[in-house]
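What follows is each chain in one-letter form.
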Amino acid sequence: DRTPSITMMCGSATAATAAGGLPTMMLGLILLAATSVPLADGFAYAPNFITKIIEQSTGITPVGLLDVGQTNNDNTEDEATSSVEAIANNNDFQGPITTRFPPEPNGYLHLGHAKAVSFNFAVARAFQGGNGRCHMRLDDTNPTKEDEEYVQSILEDVRWIQQGLEPFTAADDTDKEGPWYGNVRKTSDYFQLIYDAAVYLIKTGDAFVDELTAEEMREYRGTLTEPGKESPWRDRSVEENLSLFEKMKNGEFENGRYALRAKIDMSSPNLNMRDPVIYRIKHESHQATGDDWCIYPMYDFSHPIADAVEGITHSLCTLEFEDHRPLYDWTAERVLKADLVSCQPRQIEFSRLNLKYTVLSKRKLIKLVEDKYVTGWDDPRMPTLSGVRRRGMPPAAIRLFCERMGISKSDSNIDFTIMEDCAREVLDDESPRAFAILDPLKVTIKNWDDSTKEDFGVPRHPKKNELGERTVPFGKNVYIERSDFFDLEGPEGLSNGGRAPKGFKRLLPGGKVRLKYAYVISCDEIVRDPETNEPTELVCTLYPETRAGVTPEGEARVKGIIQWVEASTAAKVQVMQYDRLFKVEEPGKDSGEFTDDINTESLKIMNDVIVEPSVAMDALSMIDRIQNSSTEDKLYHSALTYQFERSGYFALDSSSTEENLVFNRVVTLRDTWGAPPAGGRGGEAEQPKQKSQQANPRKQGGGQAPILEDARRVALRAGTILEAGPHPEADSLIVCKLDCGDKNEAGEAEEPRTVVAGLAGKIPYEKLTNRKVVCITNLKP
């Protein structure tokens, strides 16, 4: 059931301090009414002013929008009302509802473009009742900066980001299916028609050939507070303008000698309307048309014409084009009047995507590549789509991120953590589990026969039985993580007063630990490096009666559980442990130079990582499949992802070969950005507690935010109410026992959560039992 009845509960295990009082972390209850809404695949945006404009102007209701209700603070109505002035009434609409994604092929797409890709295609899918479709068009009007390499990269990125979504089917003889509607379109396909539109404007007195230089045009343009001056050549005759424009087309003038300008209003408060240039001379070979043309239209002129030719009904773009909309409409109205096109599209703007801890400026990205701060455009630390794809970010995670950011007219700077959380959510669901030892420490089982091997069949994914099992071999020698052994007698123990860190439950000298899915072992002897005194091998005893999670009767359960890899069947791989490329939220804002804020620890290369044999077999199989895949149905190395248990999510890198497998860390298991290293050898699972009086993290540099222990961090959890009753001290509250699916390291169910809610007198207790709810809880009780 995709639309269950959901109750939103907010609370904590802390009781109210007085009658009617609320605990610090408690919020009011929100009930969400159950609704039956048809869902469009891959579309989960909340209703916004654009979907409302389209619905109002077409009379077609979108499907699949989240039902978030309407509040007094909801400004959707105001935004729609202010924007709908530029939208035709219902009787002006001519379907089908058509959007487009029109990048210029002069660079690589980045995460900022991902929002435009996601939303344009999602709108088309949402308005299925209007035969929604989305075109893929390359706005290739500037041959100086464009290249076929960029064309192919853009098309590949758009295909990739829509992987897993229902394709569009062209309504023609071909019935072609694909990630966009019909064939790839290019503005250059319409160069002759755009030229004809310019000739029409000359004939109607709406355009003229100018001789002012670019510098003189800037001087004549005026300022925001002063009107511009008309060009001395503004009143040329129609015949002279037609003659000069024909000669421009025929290549009779050098670059910059003449330009065609629209004749609009040099006193307009909008600078874009002060006789803008619409054609310029460029003796450049075009990547699509070759040397057929030596004059090229400006983007502001060609864009509305290309939209109109293709029947685009809603031209969705980012806010920097808002001031260009009057010119867009001016052009679209005239080409429609000229009978060169049959419809007039409408432009609607929304805020662009800005991300903290990265840069999206094309100039800055080029500098990163050219000055070798990164290895290339697909460096996994880059915000390019090719970079995040190589790193292992699933396309579903990118779409989820864009959907959660929503659509508005308000610019915002989004925390990079939100995108990482989306990656965790998708990868947790999709990625099989595996054992990988990043920093190996050898363990020898002294009471195990050298030649004996035992295979354990363990699930590939704890929540997806359909993925089957993998075989994990066990033998006399295994590797464990160095961080899973705390050496009381070595340097780390001496620095901690000969005591283990508080809460450390893994292996100690003379102590016991469980090897996950296998046996309990105890550490009897430590073999050390004679120079550093560091452990190089542990000699241990195995307890056969503890196989596969069994605790013998009368013995205490061993709490510590660690991963391991059998030595003789293990595969050695290289791991690229990536982190954020910049150490501050807004690179260059305080330092003055964005490259000064590069995080020098954004990449750690680990050459001696040990993985279980199933990982190597899967990777080799993927490499073989990739070599035989087609362009239209392309496979990527990074499609093979794993949760390396207790380490993070990792993906196969495109540089992998049969002889050298390389894995990239996509994201950690939880957000640890800026956290100081754990004391001793605690590893990621053992983060130290921080004092609440710690200095302002932003003043420390490097994003050194204190990490809170799990009992003080909160998250939204789904669960089932097991029982409910009155609060002992507050008449307005109730106390519920809630099953949130918590499990300990052994995979056993934890005790139910105690959750407080403001439901007293609203719903009978018996009707709450077995109710599915969403609540705000501590990460750990």
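Our subject is the structure listed above.
Draft legend 1. Inspection of unusual backbone geometry at higher detail. Within the chain, Tyr517 stands out as a residue other than glycine whose phi angle is a positive 70°. Under the relative-accessibility criterion, Tyr517 is labelled partly exposed at 27%. Residues other than glycine seldom take positive phi values, yet Ala548 does so here, at roughly 55°. Relative to the assigned elements, Ala548 resides in the loop between strand 24 (535-543) and strand 25 (561-562). A residue is classified by how much of its surface remains accessible, and Ala548, at 48% relative accessible area, is partly exposed.

Draft legend 2. How the structure looks around the pattern of salt bridges. Per the stated rule, a full pass over the model turns up 48 salt bridges. When the shortest N-O distance is used, the salt bridge between Arg100 and Asp307 registers 3.4 Å. Separated by 207 residues along the polypeptide, Arg100 in strand 3 (residues 98-101) and Asp307 in helix 8 (residues 299-309) bring together distant segments of the chain. Residue Arg100 is classed as buried on the basis of its relative accessible area, which comes to 1%. Overall, the relative accessible area of 0% leaves Asp307 in the buried class. A salt bridge links Glu333 to Arg334, with the nearest nitrogen and oxygen atoms 3.9 Å apart.

Draft legend 3. A look at the environment of Thr58. Looking at the element boundaries, Thr58 is found in helix 1 (residues 49-58). Note on Thr58: relative accessible area 10%, which makes it buried. Sequence separation between Thr58 and Pro96 is 38 residues, and the spatial gap between their C-alpha atoms is 9.7 Å. From its side chain, Thr58 meets the backbone oxygen of Ile54 in a polar contact 2.6 Å long. One polar contact links the side chain of Thr58 to the main-chain amide nitrogen of Ile60, over a distance of 3.2 Å.

Draft legend 4. Region of the structure containing the packing of aromatic side chains. The full count for this structure, using the stated rule, is 26 aromatic pairs. Among the aromatic side chains, those forming a connected cluster through ring pairs are Phe191, Tyr195, Phe245, Tyr279, Trp293, Tyr296 and Phe301. The ring of Trp160 carries the charged tip of Arg389 above its face, separated from the ring centre by 5.3 Å.

Draft legend 5. Representation of the sheet that holds strand 4 (residues 133-138). Here three strands make up an open sheet; going across it, the order is 3-4-7 and the pairing parallel. A single partner strand is all that each edge strand has here, and the edge strands are strand 3 and strand 7 (185-186).

Draft legend 6. Inspection of the side chain of Glu566 at higher detail. Here Glu566 lies in strand 26 (residues 565-566). One buried charged side chain, Glu566, makes no salt bridge at all; its nearest oppositely charged neighbour is Lys453, positioned 4.0 Å away. A distance of 2.9 Å separates polar atoms of two side chains, one belonging to Glu566 and the other to Ser568. Within the local environment of Glu566, its side chain forms a polar contact with the side chain of Thr569, the two groups lying 2.8 Å apart. When neighbours within four sequence positions are excluded, Glu566 is seen to be in contact with Lys453, Pro473, Phe474, Gly475, Asn477 and Val478.

Draft legend 7. Focus on the pairing of strand 34 (residues 753-757). Across the five residues of strand 34, four count as buried, placing the element largely inside the fold. With five bridges connecting them, strand 33 (residues 734-739) and strand 34 associate as antiparallel partners. Each bridged residue has a counterpart across the sheet, and for Cys736 the counterpart in strand 34 is Val755.

Draft legend 8. Quick look at the state of the cysteines. Within this structure, the stated rule accounts for zero disulfides. A disulfide-free cysteine, Cys740 has its sulfur positioned 4.2 Å from the sulfur of Cys775, the nearest such atom. Cys740 gets classed as buried once you look at its relative accessible area, which sits at 12%.

Draft legend 9. Seen up close, helix 13 (residues 416-430). Compared with an ideal rise of 1.5 Å per residue, which puts 15 residues at 21 Å, helix 13 spans 21 Å between its outermost C-alpha atoms and is within 8% of the ideal. What helix 13 keeps buried is the set Phe416, Thr417, Met419, Glu420, Cys422, Ala423, Arg424, Val426 and Leu427. At the N-terminal boundary of helix 13, the capping side chain belongs to Asp415, with an oxygen 2.9 Å from the backbone nitrogen of Thr417.

Draft legend 10. Structural detail: the nonpolar core. Membership of the largest hydrophobic core comes to 44 residues, with the highest contact counts inside it found for Phe101, Phe121, Met136, Val158, Leu385 and Ile398. For this core, the elements supplying multiple residues, two or more each, are helix 3 (111-126), strand 4, helix 4 (148-161), helix 11 (385-391), helix 12 (395-405), helix 13, strand 30 (648-652) and strand 31 (662-667). The residues contacting Ile398, other than those within four sequence positions of it, are Leu111, Ala114, Trp160, Ile161, Val388, Met393 and Met419. Formed by 33 residues, the second largest nonpolar core is a distinct cluster that contains Val199, Ile278, Tyr279 and Trp330.

Draft legend 11. Region of interest: the side chain of Glu349. Positionally, Glu349 belongs in strand 13 (residues 346-350). Residue Glu349 is classed as buried on the basis of its relative accessible area of 0%. A polar atom in the side chain of Glu349 sits 2.9 Å from the side chain of Gln347. Dropping the residues within four chain positions of it, Glu349 is found in contact with Phe49, Ile50, Cys317, Thr318, Leu319, Phe321, Glu322, Arg325 and Lys409.

Draft legend 12. Spatial organisation of the environment of Ser614. Mapped onto the elements, Ser614 comes out in helix 15 (residues 613-627). Its relative accessible area of 4% is what places Ser614 among the buried residues. Placed 179 residues apart in sequence, Ser614 and Phe435 show a C-alpha to C-alpha distance of 9.5 Å. Beyond its immediate chain neighbours, meaning those up to four positions away, Ser614 contacts Arg460, Arg470 and Tyr642. Within the structure, Ser614 has its side chain in polar contact with the side chain of Glu612 (distance 2.7 Å).

Reading the values: rules and limits
- Residues numbered from 1 in each chain as written.
- Predicted model: local features only at pLDDT ≥ 70, side-chain atom pairs only at ≥ 80, totals over all residues.
- Heavy atoms only, no water.
- Buried < 20%, exposed > 50% of the residue type's maximum accessible area, 1.4 Å probe, protein only.
- Helix = DSSP H or I, 4+ residues; strand = E, 2+ residues; numbered from the N terminus.
- Salt bridge = Lys/Arg side-chain N within 4 Å of Asp/Glu carboxyl O.
- Polar contact = N/O pair within 3.5 Å; in protein donor to acceptor, adjacent residues only side chain to side chain.
- Phe/Tyr/Trp six-rings, centres within 6.5 Å; stacked < 30°, edge-to-face > 60°.
- Lys NZ or Arg CZ within 6 Å of the ring centre and 35° of its normal.
- Pairing = 2+ DSSP bridges.
- Lys, Arg positive; Asp, Glu negative; His and termini not counted.
- Contact = heavy atoms within 4.5 Å.
- Disulfide = S-S within 2.5 Å.
- Expected span 1.5 Å × (residues − 1).
- Core = buried A, V, L, I, M, F, W, Y, C linked by side-chain atoms within 4.5 Å.

Don't take any of this as a statement about function, it's just geometry.
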